[in-house]
Amino acid sequence: MKSLFQQPPGTLLLVAFMVMASAFTTQAQGPRIQLGNLDHLATKASDTVDVTIDERLIQLAAKVFNEKDDDEAQIKKLVQGLKGIYVRSFEFDVDNAYAATDVDSIRAQLREPAWMRILNVTSKKEGNVEVYLSMNGPDITGLAVLSVEPRELTIVNIVGPVDLEKLTKLEGNLGIPDLGVEAPKKRKNEQ
């Protein structure tokens, strides 16, 4: 077996290119979380939700909203800049039907430098909820919600600019479950 240095120069260049390309794609993942590694849970789950809405479908759905209805007009305005909405939710008949490694594979993606955890709620009875933001300078480029319960695992990933104040209007629409995000309350002098 030849050592790496005994290979022809073209082979070395090809190996170097592949290493750099791999590093670039890992770094360039951005705010989109890869959820495909959870697909095997669908066979174990009693209920499964799989929402994959890319930018093209978001724009198509936005055309359906009625601009004369205030709520629908706000939803349409909110989704216009989004690049994708991805939801995976699995409900099981027994506790802990999924492995800790399934959750760890998602958390590992959220450890990238661009992600910042802004909320972590832990309950021994009800499970954990974590909310992450992907930031590019002062701009929010994505949101991820990870809800881990004994009989349910839910991941919501919104890719694109997210206005946290308006996010509550998106709950219950386009496959996004109720995230429990409350709109900031206005102070008396702001009303």
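Further up the page is the structure itself.
J.: Sorry, what's going on with the pairing of strand β4 (residues 127-136) here?
T.: The two faces of the sheet receive side chains in turn, since in a regular strand these alternate between them. Where strand β3 (residues 115-123) lies against β4, 8 bridges are found, and the strand directions are antiparallel. Looking across to β4, one finds that Leu119 is bridged to Val131. Between β3 and β4, which follow one another and run antiparallel, lie 3 residues. The pairing of β4 with strand β5 (residues 139-149) spans 9 bridges and is antiparallel. Within β5, the residue paired with Asn128 across the bridge is Val148. In sequence, β4 turns back onto β5 through a hairpin of 2 residues, with Gly137 there showing a positive phi of about 65°.

J.: Help me understand the packing of aromatic side chains in this model?
T.: Remark: the centre distance and the inter-plane angle together describe each pair of aromatic rings, the angle taken between the planes. Under the definition given, this model contains 1 aromatic pair. On the numbers, 5.7 Å between centres and 40° between planes, the contact of Phe92 with Tyr98 is tilted. Residue placement shows Arg32 over the ring face of Tyr86; its charged tip is 3.8 Å from the ring centre.

J.: Would you mind going over the side chain of Ser105 with me for this structure?
T.: When you line up the elements, Ser105 lands in helix α4 (residues 100-109). Among the polar contacts listed, one links the side chain of Ser105 to the backbone oxygen of Asp102, at a separation of 2.7 Å. Other than its neighbours up to four places away in sequence, Ser105 contacts Asn37 and Leu38.

J.: What am I meant to see in the pattern of salt bridges here?
T.: Close approach of charged atoms lets side chains of opposite charge pair. This model, assessed by the stated rule, comprises 8 salt bridges. Across the salt bridge formed by Lys83 and Glu55, the nearest N and O atoms sit 3.3 Å from each other. Taken together, the residues span a long stretch of sequence, with Lys83 in the loop between α3 (70-79) and β2 (84-91) and Glu55 in helix α2 (residues 55-64) at a distance of 28 residues. What makes Glu55 partly exposed here is its relative accessible area of 35%. Across the pair Asp95 and Arg151 runs a salt bridge whose closest N-O atoms are separated by 2.8 Å. On the criterion of sequence distance, the pair formed by Asp95 in the loop between β2 and α4 and Arg151 in the loop between β5 and β6 (152-159) is long-range, its members being 56 residues apart.

What counts as what
Residues numbered from 1 in each chain as written. Predicted model: local features only at pLDDT ≥ 70, side-chain atom pairs only at ≥ 80, totals over all residues. Heavy atoms only, no water. Pairing = 2+ DSSP bridges. Helix = DSSP H or I, 4+ residues; strand = E, 2+ residues; numbered from the N terminus. Phe/Tyr/Trp six-rings, centres within 6.5 Å; stacked < 30°, edge-to-face > 60°. Lys NZ or Arg CZ within 6 Å of the ring centre and 35° of its normal. Polar contact = N/O pair within 3.5 Å; in protein donor to acceptor, adjacent residues only side chain to side chain. Contact = heavy atoms within 4.5 Å. Salt bridge = Lys/Arg side-chain N within 4 Å of Asp/Glu carboxyl O. Buried < 20%, exposed > 50% of the residue type's maximum accessible area, 1.4 Å probe, protein only.

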